[in-house]
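# Architecture at a glance
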Amino acid sequence: MEIRRATSVAELVAAEHLFDHAVRPEWARRFLDSPGHHLFLAHEDGGPVGFVSGVETVHPDKGAEMFLYELAVAGPFRRRGTGRALVLTLAALARERGCYGMWVGVDTGNDVALAAYRSAGGEDDGTCTVVTWDFT
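What counts, and at which threshold
Residues numbered from 1 in each chain as written. Predicted model: local features only at pLDDT ≥ 70, side-chain atom pairs only at ≥ 80, totals over all residues. Heavy atoms only, no water. Helix = DSSP H or I, 4+ residues; strand = E, 2+ residues; numbered from the N terminus. Phe/Tyr/Trp six-rings, centres within 6.5 Å; stacked < 30°, edge-to-face > 60°. Buried < 20%, exposed > 50% of the residue type's maximum accessible area, 1.4 Å probe, protein only. Pairing = 2+ DSSP bridges. Contact = heavy atoms within 4.5 Å. Axes fitted to C-alpha atoms, helices over the stretch in contact; angles between N-to-C directions.

In this section: the environment of Thr108. Structurally, Thr108 is set in the loop between strand 5 (102–103) and helix 4 (111–119). C-alpha separation for the pair Thr108 and Pro25, spaced 83 residues apart in sequence, amounts to 32 Å.

The next thing to look at is the packing of aromatic side chains. If you walk through the whole model with that rule in mind, you get three aromatic pairs. An aromatic cluster is defined as three or more aromatic residues linked by ring pairs; in this entry it consists of Phe67, Tyr69 and Trp103.

The next thing to look at is the pairing of strand 2 (residues 37–44). Counting buried positions over the eight residues of strand 2 gives seven, a clear majority of the element. For strand 1 (residues 2–5) and strand 2, the ladder comprises four bridges, and the chain directions are antiparallel. Within strand 2, the position partnered with Ile3 by the bridge is Ala42. Between strand 2 and the antiparallel strand that follows it, strand 3 (residues 47–59), lie two residues; Asp45 among them carries a positive phi value of about 55 degrees.

Before going further, it helps to examine the sheet that holds strand 4 (residues 63–73). Strands sit in the order 1-2-3-4-5 across an open sheet of five strands; the sheet is mixed. Whereas interior strands pair on both sides, the edge strands pair on one side only; in this sheet they are strand 1 and strand 5. Relative to strand 3, strand 2 runs antiparallel, the two sharing eight bridges. The partner of His38 across the bridge, within strand 3, is Gly54. Across the sheet, helix 3 (residues 82–96) is in contact with strand 1, strand 2, strand 3, strand 4 and strand 5; its angle to strand 4 comes to roughly 160 degrees.

Here it is, written out as structure tokens:
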């Protein structure tokens, strides 16, 4: 397996099967051009098999931290260390960029994701509730 930073819209389109929805080229370009936005692709068997994306957030009294936005691994490549390797890659970048920590929101029943995050050193602090706004 090889993990590389995504740098082109074409790479994201080629990994479209890993995303929840179709990749929109204009949104992909905006993501890639936005400072502090990061996406790494895992490649195996000649194509993308997983990705992790993260966004650096900065606050005046806290400094910078990494928000792990999304992790996805194609079914046949799950439970083989791909998710863990992707999370560790993003964590290494966060440390390199001076982030004091990293966090992710996870559905409580998503045992596969929770296992990947825990295997990469993440800890569930049991204190998070997600509140959302829908502007569509």
